[in-house]
Every structure is written in C-alpha cells, then in structure tokens.
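Listed below are the residues making up each chain.
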Amino acid sequence: MTQQDTILSLKRLQKTFTARRKGKTYAVRAVNDVSLDIRRGETLGIVGETGCGKTTIGRTIIRLTQADGGSAELDGKDIFTTDSRRMRELRLKVRMVFQDPYASLNPRRSIGDSVAETGDIHGVFKNRQDRDDRIAKTLTQVGLDPSFAARFPHQLSGGQRQRVGIARALLPTPELIIADEPVSALDVSIQAQVLNLLADLKEEMGLTLMFISHDLGVVAQISDRVAVMYMGNLVELADGPELFAAPRHPYTQLLIASVPRIDPVKRIAGGIEKGEPPSRFSDVTGCAFHDRCPMASDLCRSTRPELTDAGDGRKVACHHA
Ligand SMILES: Nc1ncnc2c1ncn2[C@@H]1O[C@H](COP(=O)(O)OP(=O)(O)OP(=O)(O)O)[C@@H](O)[C@H]1O
Ligand SMILES: [Mg+2]
C-alpha cells in the first residue's frame, strides 16, 4: 500500500438543484466543479458550513443523487456506470453511514434483518447459517453482543443504533465508507466512543474512510487529510495537522479562528461568527467567498480561483493564498 494509491477519484463533479422561492425558480449549485482524490487507507475529512455540499458529494458517490457533470472512479473504474453487475459491486464496495441512525433504521425490522439487508438484496449469503454467522460477526465488530440481532431499534440507545448503522455499512466488507455526520446526533459522551470505533475498524479492516462533518474538532480528531468546502467549492485540501496549524485559504482561517480551541472531547462546534454565506439563490461571480474575504480584490470578484497545488501536497483555491 503506497501513499499515492488512489481509491476514489472525483473530477469536476457537479450537482445543481433547482429550488423554488416566491414563485421563481433558482439554481442552487450544491457541488461546483469538485475534484478530489482519496488515498487508499486514509481518513479524509470533509468540513464546511451547513449547506456547503458535503452530503451531496457523498450521496452522489453512492448514487442516491445523480451528478450532472464530472466523473467519479473507484479503483480506476467509472462509478457512474449503468452496467448492472458493476452497479451491484459498487453497492457492496462503497457504503454510507448516515447522521440519524434512527431515521435510517426500519422500526419494524429486527436489528439482524437490518444489518443483513444489503446482503439479502444482493444474495451474498451462502445459506441461513452463513447469514446468521455474518450478522453475529458484524455486530461483534461494532461492539454489540450478537443477541442484539433479535432486538428492534426502539430498544436501543442512540449510540447503539449508530453502531448498527455502522454494522449495516460493514457487512458487505466494503472498501470505502462514507460517514456523513455519524456522531452529530449523539450525546457528547457517546461521540468519542463511536469515533474510536470507526478509527479502529478502519485500521483492522484496511478501510478507507470519508468523514463528513461540520464540526472541526471532530474532523481534526479523526482525519489524516482534510478537505474544506465553501458553497459547493473545494477551497483547501491538506494534511490535518498542517491545515489546522497553518490554514492558507482565508475561509479556512476564519473557520479555525471561530473555534476557540480544537478539543474534540469537550466538543466545540465550528460555528462561523463573522458574516454569513451569500444566498444560495443568486449566482456568484468570481470567488464564492469574496464578499466575506478581507483579502478580496477585483480579480476575486471577477474570476473564480482554481484549486491549485501549493506545495507539500496542499491545494488551495485562492488568488492570494
Ligand atoms: N434534494 C434537494 N433539492 C434541492 N436542494 C437541495 C437538495 N439537496 C440539497 N440541496 C441544497 O444543496 C445545498 C447543499 O446541500 P447539502 O445537504 O449537500 O449540504 P451539507 O454540506 O451536507 O449541509 P449540512 O451540514 O447541513 O448537512 C444546500 O443549499 C441544500 O439546500
Ligand atoms: Mg449534510
């Protein structure tokens, strides 16, 4: 396994939603030209304010949302394929863990059946015994007793439900897990346990993790590299420690400055104090951040900066960084 081995490659990924407001139709650029490589075995954090497009990226990769531009490859092969055999393979190899484990579990389905669901759909079990064994093994992997298979979601705590959410993702032995705000709905005391579980599973199973969160403290704790998004754009990408020690993009600087102290145990959420993102209902010319940026120049108002190499594997999309 080399550092440079790319598992997932996004190129100029694009998704625009249409929204209606006061009788008018607007285009919302949820994901605007995002190019990003994820290295095999790493945890890549994706961070940014609410509405910046994090979830849309994840949903696009697992094809819950259809991209309207760009490409995505897993292990060098197209993700946006229509080949049914390949689509089945992708459903098993790339799995998502969702924010709200309660909403994503069917209340009338036993935990065992929920964990086995994707396996059932894709016929991965040899027989009944194999199915039972795989459910028990997966529950054990996420720190739950195999007897949980017979229980129902309402009998579980929030943390236990999220462990089930992780087990659902894990059962088909995926290569890549996209965890979308997996601890945001949990009590602070439970968050660290679930984060540790994800980190341990990643190591033990040789997984790659894409970790989506608006919470800088949590992202700092778990990520090897961090991608910062602003209004659909990827603005900075760097190794976690370097990004937090010396942010280069003015937006990353603002994001980090607005967190008094990065302490994931005490959990200080990364809220932005200074200014608000411009309305998503107007098209922005130039850099999306220009009207909040202290360094903005005419160039920033007219021309959108491309994400470019800034040395040491860091990438920044800023005319003045
Ligand atoms: N199905 C949809 N229809 C219309 N607009 C949508 C849809 N899904 C997302 N959007 C819009 O796209 C933008 C990006 O949304 P997205 O959910 O990807 O953001 P996010 O970064 O995950 O935010 P959060 O931190 O709140 O989860 C937002 O402006 C959102 O309102
Ligand atoms: Mg989201």
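Conventions used here
- Residues numbered from 1 in each chain as written.
- Chains lettered and ligands numbered in written order.
- Predicted model: local features only at pLDDT ≥ 70, side-chain atom pairs only at ≥ 80, totals over all residues.
- Heavy atoms only, no water.
- Helix = DSSP H or I, 4+ residues; strand = E, 2+ residues; numbered from the N terminus.
- Expected span 1.5 Å × (residues − 1).
- Buried < 20%, exposed > 50% of the residue type's maximum accessible area, 1.4 Å probe, protein only.
- Contact = heavy atoms within 4.5 Å.
- Near = heavy atom within 4 Å.
- Polar contact = N/O pair within 3.5 Å; in protein donor to acceptor, adjacent residues only side chain to side chain.
- Areas by Shrake-Rupley, 256 points an atom, 1.4 Å probe, with all protein chains shown as cover.
- Core = buried A, V, L, I, M, F, W, Y, C linked by side-chain atoms within 4.5 Å.
- Pairing = 2+ DSSP bridges.
- Axes fitted to C-alpha atoms, helices over the stretch in contact; angles between N-to-C directions.
- Salt bridge = Lys/Arg side-chain N within 4 Å of Asp/Glu carboxyl O.

Chemist: Just to check I follow, could you spell out helix α5 (residues 158-170) for this structure?
Modeler: Each turn of an α-helix holds 3.6 residues, which means side chains three or four residues apart point in the same direction. The end-to-end C-alpha distance of α5 is 18 Å, a good match for the 18 Å that 13 residues give at a rise of 1.5 Å each. In terms of burial, α5 is largely enclosed, as ten of its 13 residues are buried. Turning to α5, its buried residues are Gly159, Arg161, Gln162, Arg163, Val164, Gly165, Ile166, Ala167, Ala169 and Leu170. Turning to α5, the residues buried within the fold contact β6 (94-97), α3 (111-121), α4 (128-141), β7 (176-180) and α6 (188-205).

Chemist: Looking at this structure, I do not really get the site of ligand 1. What am I missing?
Modeler: Residues in contact with ligand 1 amount to 13 residues; listed here are only the nearest, Thr50, Gly51, Lys54, Thr55 and Thr56. Contacts to ligand 1 include glycine 53, whose backbone N or O atom sits 3.0 Å from an oxygen atom. Take lysine 54: an N or O atom from its side chain is 2.8 Å from an oxygen atom of ligand 1. Relative to its unbound accessible surface of 650 Å², ligand 1 loses 62% to contact with the protein. Looking at the shell around ligand 1, the elements with two or more residues in it are β2 (24-39) and α1 (54-61).

Chemist: What exactly am I supposed to notice about the nonpolar core here?
Modeler: If you look at soluble globular proteins, the nonpolar side chains tend to sit buried side by side. One finds Val142, Ile166, Phe211 and Val228 to be the most contacted residues of the largest nonpolar core, which totals 53 residues. Sequence-distant contacts of valine 142, that is, excluding residues within four places in its chain, are made with Arg163, Ile166, Ala167, Leu170, Leu197 and Leu201. In this structure, Leu13, Ala67, Met96 and Met229 belong to the second largest nonpolar core, which totals 29 residues.

Chemist: Whenever I open this one, the environment of arginine 163 confuses me. Can you help?
Modeler: Counting through the fold element by element, arginine 163 comes out in helix α5. By relative accessible area, which is 14% here, arginine 163 ends up buried. When the C-alpha atoms of arginine 163 and leucine 197 are compared, they prove to be 8.6 Å apart, with 34 residues separating the residues in sequence. The residues touching arginine 163, leaving out its near neighbours within four places in the chain, are Val142, Gly143, Leu144, Gln193 and Leu197.

Chemist: Explain α1 here, please?
Modeler: Counting buried positions along α1 gives six out of eight residues, so the element sits mostly inside the fold. Listed as buried for α1 are Lys54, Thr56, Ile57, Gly58, Thr60 and Ile61. Two residues or fewer past α1, arginine 63 is found with a positive phi of approximately 65°.

Chemist: Would you mind showing me how to read the sheet that holds strand β1 (residues 6-21) here?
Modeler: Across the sheet, which stays open at both edges, the four strands sit in the order β2-β1-β4-β5 with antiparallel pairing between neighbours. This sheet does not close on itself; its edge strands, each paired only once, are β2 and β5 (77-78). Against the sheet, α1 touches β1 and β2, its axis set at about 115° to β1.

Chemist: Is there a simple way to explain the environment of leucine 201 in this structure?
Modeler: Within the secondary structure, leucine 201 is located in helix α6. Here the alpha-carbon distance between leucine 201 and alanine 27, two residues 174 residues apart in the chain, equals 39 Å.

Chemist: What exactly am I supposed to notice about the sheet that holds strand β11 (residues 308-309) here?
Modeler: Two pairing modes exist for strands in a sheet, parallel and antiparallel, and in both the strands are linked by backbone hydrogen bonds. One open sheet holds the eight strands; their spatial order is β6-β7-β8-β3-β9-β10-β12-β11, and the pairing between them is mixed. Strands with a single pairing partner mark the edges of an open sheet, and in this sheet they are β6 and β11. Pairing of strand β3 (residues 43-47) with strand β9 (residues 225-230) involves four bridges; the strand directions are parallel. What sits directly across from glycine 45, in β9, is valine 226. Across the sheet, α5 is in contact with β6 and β7; its angle to β6 comes to roughly 170°. In this fold helix α9 (residues 250-257) packs onto β3, β9 and β10 (233-239), with an angle of close to 105° to the strand it touches most, β9.

Chemist: What is the right way to look at the pattern of salt bridges in this model?
Modeler: Pairing is possible between side chains that carry opposite charge, provided their charged atoms lie close to one another. Enumeration over the complete set of coordinates arrives at 22 salt bridges. Here arginine 40 makes a salt bridge to aspartate 5, at a shortest N to O gap of 2.8 Å. Of this pair, arginine 40 sits in the loop between β2 and β3 while aspartate 5 sits in the segment before β1, and the two are 35 residues apart along the sequence. Assessed through its relative accessible area of 25%, arginine 40 is described here as partly exposed. Given a relative accessible area of 26%, aspartate 5 falls into the partly exposed group. Put simply, glutamate 306 and arginine 12 hold a salt bridge, and the shortest N to O gap is 3.2 Å. One end of the pair, glutamate 306, is in the loop between α10 (298-302) and β11; the other, arginine 12, is in strand β1, with 294 residues separating them in the sequence. Owing to a relative accessible area of 40%, arginine 12 belongs among the partly exposed residues under this scheme.

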